[in-house]
Amino acid sequence: MTVSPDLPQVLVIDDELGPRESLRMLLKPSYQVHTADSVEAGIRLLREKHPDAVITDIRMPGTNGIDGLRKIREIDPHVAVIMLTGFGALETAQEALRLGANDYINKPFDAHEMRDVIGRNVERTRVHRTGENAASEIKELNNRLLKELAQKERLASLGQASAEFVHDLGNPLTIVWGYVQLLARKLEQSEKAQTPEAPTSAKELNIIEQNVRLCRELLTMWQSYGSVEAPPHQPISVTKIARDVLKGANAIAAQSEVELTADICEDPCTLLGDAVQIQRALQNVIVNAVQAAAERKGSVTVTCLREEFYGEVRVEDTGYGIAPAQVAKIFEPYFTTKQAKSGTGLGLYITKKVVEDHHGSIEVDSTPQIGTTFTIRLPLLSEPA
Ligand SMILES: Nc1ncnc2c1ncn2[C@@H]1O[C@H](COP(=O)(O)OP(=O)(O)OP(=O)(O)O)[C@@H](O)[C@H]1O
Ligand SMILES: [Mg+2]
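Residues numbered from 1 in each chain as written. Chains lettered and ligands numbered in written order. Predicted model: local features only at pLDDT ≥ 70, side-chain atom pairs only at ≥ 80, totals over all residues. Heavy atoms only, no water.

Student: Residue-level account of the site of ligand 1, with values.
Tutor: Near ligand 1, the surroundings consist of 21 residues, among which Asn 288, Thr 336, Thr 337, Lys 338 and Thr 344 are the closest. With respect to ligand 1, the side chain of His 167 contributes an N or O atom lying 2.7 Å from an oxygen atom. Burial of ligand 1 by the protein chains amounts to 94% of its free accessible area of 590 Å². Counting only elements with at least two residues in the shell around ligand 1, the list comes to α8 (275-294), α10 (347-357) and β12 (371-379). The greatest single-element share of the shell around ligand 1, amounting to 3 residues, is contributed by α8. Partitioning the shell around ligand 1 into residue classes produces 9 nonpolar, 10 polar and 2 charged. (Near = heavy atom within 4 Å. Polar contact = N/O pair within 3.5 Å; in protein donor to acceptor, adjacent residues only side chain to side chain. Areas by Shrake-Rupley, 256 points an atom, 1.4 Å probe, with all protein chains shown as cover. Helix = DSSP H or I, 4+ residues; strand = E, 2+ residues; numbered from the N terminus. Nonpolar A, V, L, I, M, F, W, Y, C, P; charged D, E, K, R; others polar.)

Student: Describe the nonpolar core, listing the residues and the values that go with them.
Tutor: One finds Leu 282, Ile 286, Val 300, Val 302, Val 315 and Phe 374 to be the most contacted residues of the largest nonpolar core, which totals 51 residues. Element by element, the count of residues in this core is highest for α8, at 10 residues. If you look at the next biggest cluster of nonpolar residues, it comprises 19 residues, including Leu 11, Ala 41, Leu 45 and Ile 58. (Core = buried A, V, L, I, M, F, W, Y, C linked by side-chain atoms within 4.5 Å. Buried < 20%, exposed > 50% of the residue type's maximum accessible area, 1.4 Å probe, protein only.)

Student: Can you explain the side chain of Ser 162? Please cite residues and give values.
Tutor: Inspection of the secondary structure assignment puts Ser 162 in helix α5 (residues 111-193). In terms of polar contacts, Ser 162 uses its side chain to reach the backbone carbonyl oxygen of Leu 158, at 2.7 Å.

Student: Tell me about the sheet that holds β12, and please be specific about residues and values.
Tutor: Spatial ordering of the open sheet is given by β7-β9-β10-β12-β11, a layout of 5 strands whose pairing is mixed. The sheet terminates laterally at β7 (259-264) and β11 (361-367), the two strands that pair on one side only. Taken over all neighbouring pairs, the strand axes of this sheet differ in orientation by 10° on average, direction set aside. For β11 and β12, the ladder comprises 7 bridges, and the chain directions are antiparallel. Across the sheet, Ser 366 pairs through a bridge with Thr 372, a residue of β12. Its contacts with the sheet place α8 against β9 (299-306), β10 (310-317), β11 and β12, and it is angled at close to 20° to β10. Across the sheet, α10 lies against β11 and β12, angled at about 25° from β12, the strand it touches most. (Pairing = 2+ DSSP bridges. Axes fitted to C-alpha atoms, helices over the stretch in contact; angles between N-to-C directions. Contact = heavy atoms within 4.5 Å.)

Student: Kindly report on the side chain of Asn 211, identifying the contributing residues and their values.
Tutor: Note on placement: Asn 211 falls in helix α6 (residues 202-223). Taking the relative accessible area as the measure of exposure, Asn 211 reaches 3% and is therefore buried. A distance of 3.4 Å separates a polar atom in the side chain of Asn 211 from a polar atom in the side chain of Gln 283.

Student: Talk me through the domain arrangement of the chain; I want residue IDs and the actual numbers.
Tutor: Think of interface size as the accessible area that goes away when the parts come together; that is how it is often given. You can read the domains of the chain as domain 1 (9-109) and domain 2 (230-385). Computed from C-alpha coordinates alone, the two centres of domain 1 and domain 2 are separated by 82 Å. (Domains from an automatic or database assignment.)

Student: A description of the state of the cysteines should follow, citing residues and the corresponding values.
Tutor: The final tally for this structure, using the stated rule, is 0 disulfides. With no disulfide of its own, Cys 304 has Cys 265 as its nearest cysteine by sulfur position, at a separation of 5.0 Å. Residue classification places Cys 304 among the buried residues on the basis of a relative accessible area of 2%. (Disulfide = S-S within 2.5 Å.)

Student: Please provide a residue-by-residue account of the packing of aromatic side chains, values included.
Tutor: The final tally for this structure, using the stated rule, is 1 aromatic pair. Judged by centre distance (6.4 Å) and plane angle (85°), the ring pair of Phe 331 and Phe 374 falls under edge-to-face. Highlighted residues: Phe 331 in the loop between α9 (324-327) and α10 and Phe 374 in strand β12, separated in sequence by 43 residues. Each member of the pair, Phe 331 as well as Phe 374, carries the same accessibility label: buried. Positioned over the ring face of Phe 331 is Lys 352, at 5.9 Å from the centre of the ring. (Phe/Tyr/Trp six-rings, centres within 6.5 Å; stacked < 30°, edge-to-face > 60°. Lys NZ or Arg CZ within 6 Å of the ring centre and 35° of its normal.)

Student: I'd like to hear about unusual backbone geometry, residue by residue, with values.
Tutor: Residue Pro 108 is bonded to the preceding Lys 107 through a cis peptide linkage, with omega at -15°. On the secondary structure map, Pro 108 appears in the loop between β5 (103-106) and α5.

Student: Provide a residue-level description of the sheet that holds strand β3 (residues 53-57), including the pertinent values.
Tutor: Read from one edge to the other, the open sheet built from 5 strands follows the order β2-β1-β3-β4-β5, with strand pairing classed as parallel. What marks the edges here is a single partner per strand, and that holds for β2 (32-36) and β5. Here the average twist between neighbouring strands, direction ignored, is 20°. Pairing of β3 with strand β4 (residues 80-85), which is carried by 5 bridges, proceeds in the parallel orientation.

Student: Describe the packing of helix α1 (residues 17-27) against α5, listing the residues and the values that go with them.
Tutor: The contact between α1 and α5 brings their axes to 11 Å, and the two run at 70°. Comparing their axes, α5 and α1 come out roughly perpendicular. Here the hand of the crossing between α1 and α5 comes out right-handed. Every residue of α5 that contacts α1 at Leu 23, Leu 26 and Leu 27 is listed here: Ala 111, Met 114, Arg 115 and Ile 118. Looking at the contact of α1 with α5 residue by residue, the classes come out as 6 nonpolar, no polar and 1 charged. (Parallel < 35°, antiparallel > 145°, perpendicular 65-115°, else oblique. Left-handed = near helix turned anticlockwise from the far one by under 90°.)

Written out as structure tokens, the structure reads:
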């Protein structure tokens, strides 16, 4: 007769052939029965078969049932263990329960009782194991979800960082493009005028070079994103950065017929920071101002001044202004009113982040149809010169 592999499995450990075989006969119809004549042989079968219940005699030569119980528990804490005890061995049976046996039956056993006890205990093991499996499946699922979440978060933050870098490549590229066109026109005019000496273009080339360098630095920053820590902050001059940004912005302003004026103080306004980041921040605010003023052929004024503990960069424009309901949203990522002109709405978000990384503040004051003023304040390193 072949035994269905789905039947619950019972392991019987008894050194005496009689009880061992009578248990086998009794249980065979409902269980897959494995038998062992010693604790050692029983332990081997336990590891191999993972039974649902173990019935073990207590009194055996060599390793007795109580020591066997300890070994079984080390291997499988959940399998039900039923001890077989001789008459008058109640104390040993209680000791066995204390050590983690689930039940005991006196020898000679009653077949009916034996079936009952085994049925109950097999069920107990199965419930335990199902619970265990569910718990470990939940744990595994949880781990997998956490891993996926971390991966998604990393991808999302990489996506966000990429969008920011792409955004800030746009400003220097526009500047470079503006100056290349300017140079081309200059050359064309001098060719037409047939002047013997070539036009001087050192200033324009210098601005082009500066902005190409900014593009390259942004690219390097992006490439090392997540793998390299941000460079340590260095002493940098806010006024120098403002002058550099203005040189570039002049081309954008000229193209848009916006008058761009600047009033930059003599103090270097030194702080500990990252020049590329501050350059991004100022470029974004100034480009916004030029864009706002362009529609109304307005003007933009950039002022840089030194206060006792901080430097202040003010960017004022006579552009279209910001509706009061929108003022609260302009620093949010992806908020833009320039959909038609492919604004991504990342400029002010990046700017605010950079300013706050440098422990500064950014403020806006705007009146629709009159104009807007952005004020950036950055704490400085030293006393005024
Ligand atoms: N100087 C300004 N005058 C009027 N509105 C402004 C000015 N600066 C910013 N805004 C408003 O704030 C919004 C968000 O500006 P932000 O620089 O973050 O994005 P954007 O300029 O729209 O797009 P992007 O900078 O990504 O090209 C703008 O769409 C505009 O509505
Ligand atoms: Mg912008």
